[in-house]
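Given next are the chains, with one letter for each unit.
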Amino acid sequence: MSPKQRVVVVGAGLAGVALARRLDRLGTPVTVLGEERPRPYNRVLLTEVLAGTYPPEVIALPSPERLRHGRVTRVDPCDRTVRRADGSVVDYHTLVLATGSAPTVPTLRGLGEGPELPAGLHPFHTLDDCLRLAGAARAGRRVAIVGGGPLGVTAAGALAARGARVVVVERSPRLLGIRLDSTAEGLVRRHLARLGVEVRTSAAVTGVRTVDGALRAVETADGRLLHTRLAVLACGASPRVKLAREAGLAVRRGVLVDDALRTSDPHVHALGDCAEHAGTPYGPAVPALEQAATLAALLSGDGGARYRGSRPPTRLTLPPATRTGTRAGAPAAVAAPRRERTGDAGRPSPARAPVPFDLVAFGEVEAGPGDHVVRFADATRGSYRKVVVRGDRPAGGVLVGDLDAGDALIRAWEAREPLPATGEDPLHPPTDHGGP
């Protein structure tokens with residue numbers, strides 16, 4: 001691409017920044033227009049900030065060389081210009097939309113017609129959301145989490161780590177939906193209980209109760225009230241497509257792109273949360289980075305670079321918890337004294353330190369006809385591993401605990417390759433097999 005063929009990226013999230021930094025390294029001029037201040041950050045790590053594990057500056061992303069702050073209000077594909085809220089106009093040769101996503105706000109009785117939410121009812125999507133929640137969720141305060149998907153479960157763990165009394169309310173019978181089998185979902189529930197988190201499934205939130213514009217309760221479909229002055233909406237996110245739609249670009253759930261991440265306008269590309277490729281809008285992190293790598297190569301002269309889709313596993317980490325149901329590091333006012341374990345020689349051996357709860361799920365976790373299922377569980381270590389094997393390839397699985405043992409397995413699933421030819425069982429040792 002000629003130096004005169006200017007690349008402009010709208011959006012300074014993970015996808016936009018990753019693309020800009022790659023283009024900078026490849027010598028392709030790029031300007032990034034970012035809406036949020038003060039600097040780009042990694043949204044994937046917001047729960048670590050909410051838990052108090054990281055200060056906000058730790059999740060900051062390196063700023064692109066030419067980052068300009070300000071909201072973009074209009075894209076004009078005919079003139080190839082971008083208009084900003086301050087009235088300034090930016091010309092482009094190639095435009096990249098990396099506008100991300102917006103939190104989903106469900107339709108609830110008691111919410112007003114406008115975009116303003118009652119005081120105490122929070123989305124959890126941006127750093128500002130995170131900091132407001134962290135300030136409001138003081139120790140001992142009751143917090144309702146509306147939604148039991150990955151965002152809701154990790155937010156529950158983070159708020160419990162701050163000492164809040166957390167209740168997760170999920171409309172489906174299981175946490176994390178179809179991503180887990182019943183055994184893994186039970187382990188998630190058990191760890192949440194140890195953190196002091198209450199879980200209510202098969203409970204759809206249908207309304208809120210307010211007084212003078214402030215939250216006082218959430219209401220479920222069966223008419224029950226959960227009294228609280230603080231609730232978190234963790235109901236997923238939707239691609240931000242307003243700019244693209246108003247510019248006349250093809251949009252379904254996300255901005256439609258082909259394997260070159262090109263929209264219906266040949267001079268406009270899209271990537272990250274706002275893009276829809278082959279019928280799939282992807283979430284953050286892995287797909288965004290893979291798309292950024294492809295598009296950077298393409299815009300820097302590699303005409304054969306193509307994006308073929310991503311297969312990101314679901315990863316989840318919860319804070320450590322004690323065996324008595326209090327979170328690690330929290331005051332345990334009613335916890336009974338813990339007995340020391342005794343070694344073979346009769347000497348006390350130190351109790352194992354609490355560890356975080358790590359989980360990764362990928363592909364199909366339930367077996368179909370002809371599938372081979374391998375399971376391994378270690379109750380003493382709190383680990384569980386399961387893989388569904390179809391032919392010589394992993395079709396999916398779930399790992400809880402020691403995730404290092406499954407790295408090769410996950411790589412094989414992501415690449416659609418046969419299981420590693422190590423001569424050993426992928427989950428050593430197997431305890432069950434056979435599909436229905």
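Rules behind the numbers
- Position numbers for residues count from 1 along each chain, tracking the sequence in the order it is written.
- It should be noted that, the model being predicted, local features are given only for residues of pLDDT at least 70 and side-chain atom pairs only at 80 or more, the latter also being counted only at that level, while totals for whole chains, interfaces and linings use all residues.
- Computation of side-chain values covers all heavy atoms of the structure but excludes hydrogens and water.
- Every helix listed is a DSSP run of H or I at least four residues long, and every strand listed is a run of E at least two residues long, numbered separately from the N terminus.
- The cut-offs for exposure are 20% and 50% of the maximum accessible area for each residue type, with area from a 1.4 Å probe on protein chains only; residues under the lower value are buried, those over the upper are exposed, and the others partly exposed.
- Any two residues whose heavy atoms approach within 4.5 Å at even a single point are treated as in contact.
- Given a helix with a known number of residues, its expected span is that number minus one, times 1.5 Å.
- The directions considered for the arc are those from the helix axis to the C-beta atoms.
- The pLDDT score gives, residue by residue, the confidence of the prediction method on a 0 to 100 scale.
- At least two DSSP bridges between two strands are required for those strands to pair.
- The axes are straight lines fitted to the C-alpha atoms, using for helices just the contacting stretch, and the angles between their N-to-C directions are given from 0 to 180°.

Enquirer: Run through the environment of Val188, naming residues and quoting values.
Expert: Position of Val188 among the secondary structure elements: in helix α5 (residues 182–194). A relative accessible area of 0% places Val188 in the buried class. In sequence terms Val188 and Leu175 are 13 residues apart; their C-alpha atoms lie 8.2 Å from each other. When residues no more than four places from it in sequence are discounted, the contact partners of Val188 are Val153, Leu175, Leu176, Leu180, Phe357 and Leu359.

Enquirer: I'd like a description of α5, backed by residues and values.
Expert: Between the first and last C-alpha of α5 there are 18 Å, a value that for 13 residues agrees with the 18 Å anticipated at 1.5 Å per step. Listed in full, the buried residues belonging to α5 are Ala184, Glu185, Leu187, Val188, His191 and Leu192. The buried residues of α5 occupy one face: seen down the axis, they fall within an arc of 155 degrees. Gly196 lies just past α5 and shows a positive phi near 90 degrees.

Enquirer: Describe in detail the confidence of the model for the protein chain, supporting the description with residues and values.
Expert: When pLDDT is averaged along the protein chain, the result is 89, and 88% of the positions lie at 70 or above. Across residues 323–345, where pLDDT falls below 50, the model places 37 contacts with residues more than four positions away in sequence or in other chains.

Enquirer: Go over the environment of Pro62 with me, naming the residues and quoting the values.
Expert: Within the element layout of this structure, Pro62 appears in the loop between α2 (46–51) and β3 (67–69). A relative accessible area of 40% places Pro62 in the partly exposed class. Distance in space between the C-alpha atoms of Pro62 and Ala18 is 9.2 Å, their sequence separation being 44 residues. When near neighbours in sequence (up to four residues on either side) are disregarded, Pro62 contacts Val17, Arg21 and Arg39.

Enquirer: Summarise the sheet that holds strand β10 (residues 142–146); cite the residues concerned and give the values.
Expert: In spatial order, the strands read β9-β16-β10-β11-β12; together these five strands make up an open sheet with parallel pairing. Each end of this open sheet is capped by a strand with a single partner; those strands are β9 (121–123) and β12 (198–200). Here the average twist between neighbouring strands, direction ignored, is 20 degrees. Here β10 runs beside strand β16 (residues 231–233); their pairing, made up of three bridges, is parallel. Residue pairing for β16: Ala144 is matched across the bridge by Ala231. Strands β10, β11 (165–169) and β16 of the sheet are contacted by helix α4 (residues 150–161), whose axis makes an angle of about 170 degrees with β10.

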